[in-house]
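Summary of structural features
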Amino acid sequence: MAMLTETARAKVNLTLRVLGRRADGYHDLESLVVFADCADTLTLTPGPNLTLATGGPGARDCGEMSDNLVVRAALLLGERIPGLTLGHFTLDKHLPVAAGIGGGSADAAAALRLLAQANNLAIDDPRIVSVARETGADIPVCLASRACTMTGVGENLSMLDIPAMPCVMVNPRVGVATKDVFTALGLGKGELLAGVGDVMLSPGWPAKGASFDEWVEAVGHGTNDLEKPALKVEPVIGEVLQALRETDGIRLARMSGSGATCFGIFTTDAQARAAAQLIARAYPAWWVHAGVLS
């Protein structure tokens, strides 16, 4: 069978509310998620044995093969489907890790899409969906790789039609562990951060066909509840947000996920490119990407 290829796009949380912490320790979330035009690339050469090779500028950050989400997702799917065709994966790694943009989750989701192709499985096969949920909270949304609202612990998705948004994404190349950010948030088991009234009164998202300006305004009314605790874990996030907010044409700057990547939304592609060049010159050690969210 010929080599198969999938793109693993970066996930960006335009908003992220933490509604509370369940008795089992998991956090209930409500997030507006979009995807960027920066990505890793994953290929699969189908075969009987599972192997993984990494390359690209982020290869050194991929860790041990046994810990990689690509391998974990493939092994779990193999447990559910006897005789599953696996093969050799090659990951061209470009996205920063532990960065709040679901790089590892996007890679695992791409692996599941590749295995679905290699084994003539539907992407919504219950066994694939089950593996996505078990492997990581962000993997179901990355499996779809489409703009949507995400609720629960990441398992409930509702697709949305969102206009393309020129953006700049910035990561200070400091890894932030999601666990540390939730620890800093400090919710006890069974504790609520948002009351029922808060959830019921939260504004809905613009209807299909709404303009770019309507969407920017709606997103601006949102928040990322993990931004404040993430700043305690890594104060450099504040420098990233300040750098974005000082650029010309910025409409909105916010942290994605549990950080440390932050994004800025601009009206035009030219403004985004100019801002990215300015930040990259001022902070040459940072990862900076100008592109589009959709």
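Residues numbered from 1 in each chain as written. Predicted model: local features only at pLDDT ≥ 70, side-chain atom pairs only at ≥ 80, totals over all residues. Heavy atoms only, no water.

- The name given to the chain in an unreviewed UniProt entry is 4-diphosphocytidyl-2-C-methyl-D-erythritol kinase, with Candidatus Afipia apatlaquensis as the source organism.
- For the record of the chain, the UniProt heading Pathway (unreviewed entry) holds the text "Isoprenoid biosynthesis; isopentenyl diphosphate biosynthesis via DXP pathway; isopentenyl diphosphate from 1-deoxy-D-xylulose 5-phosphate: step 3/6."
- Heading Sequence similarities (unreviewed entry) of the UniProt record for the chain holds this comment: "Belongs to the GHMP kinase family. IspE subfamily." (UniProt positions renumbered as here; feature names shortened; annotations may be inferred.)

1. Remarks on the domain arrangement of the chain
- What the domain assignment reports for the chain is domain 1 (4-159) and domain 2 (165-293).
- Its C-alpha centre places domain 1 at a distance of 21 Å from the equivalent point of domain 2.
- Contacts between the two partners involve 33 residues from domain 1 and, on the opposite side, 42 residues from domain 2.
- Summing both partners gives a buried area of about 2,700 Å² for domain 1 against domain 2, and 62% of it is carried by carbon and sulfur.
- Applying the counting criterion to the domain 1 and domain 2 interface returns zero salt bridges.
- Here domain 1 and domain 2 share 16 residue pairs in polar contact (both at pLDDT 80 or more) between them.
- At the level of secondary structure, the elements contributing two or more residues to the side of domain 1 that touches domain 2 comprise β1 (4-21) and β2 (27-47).
- With 12 residues, the single largest contributor to the side of domain 1 that touches domain 2 is β1. (Domains from an automatic or database assignment. Contact = heavy atoms within 4.5 Å. Buried area = accessible area lost by both parts, 1.4 Å probe. Salt bridge = Lys/Arg side-chain N within 4 Å of Asp/Glu carboxyl O. Polar contact = N/O pair within 3.5 Å; in protein donor to acceptor, adjacent residues only side chain to side chain. Helix = DSSP H or I, 4+ residues; strand = E, 2+ residues; numbered from the N terminus.)

2. A few points about the packing of helix α1 (residues 69-80) against helix α3 (residues 126-135)
- It is the contact of α1 with α3, at a shortest axis distance of 9 Å, that shows an interaxial angle of 140 degrees. By the angle between their directions, the pair α1 and α3 is classed as oblique. Crossing geometry of α1 relative to α3 is assigned as right-handed. Facing α1, whose interface residues are L69, R72, A73, L76, L77 and R80, α3 presents R127, I128, S130, V131, E134 and T135.
- Its residues assigned to classes, the contact of α1 with α3 shows six nonpolar, two polar and four charged. (Axes fitted to C-alpha atoms, helices over the stretch in contact; angles between N-to-C directions. Parallel < 35°, antiparallel > 145°, perpendicular 65-115°, else oblique. Left-handed = near helix turned anticlockwise from the far one by under 90°. Nonpolar A, V, L, I, M, F, W, Y, C, P; charged D, E, K, R; others polar.)

3. Concerning the pattern of salt bridges
- What the rule picks out here adds up to 10 salt bridges.
- The closest approach of N and O atoms between D28 and R22, which form a salt bridge, is 2.9 Å.
- On the basis of relative accessible area, R22 is assigned to the partly exposed category, the value being 27%.
- R80 is paired through a salt bridge with E134; the nearest N and O atoms lie 2.5 Å apart. On the criterion of sequence distance, the pair formed by R80 in helix α1 and E134 in helix α3 is long-range, its members being 54 residues apart.
- Shared partners join several salt bridges into a network, and the residues in it are R22, D28 and E155. (Buried < 20%, exposed > 50% of the residue type's maximum accessible area, 1.4 Å probe, protein only.)

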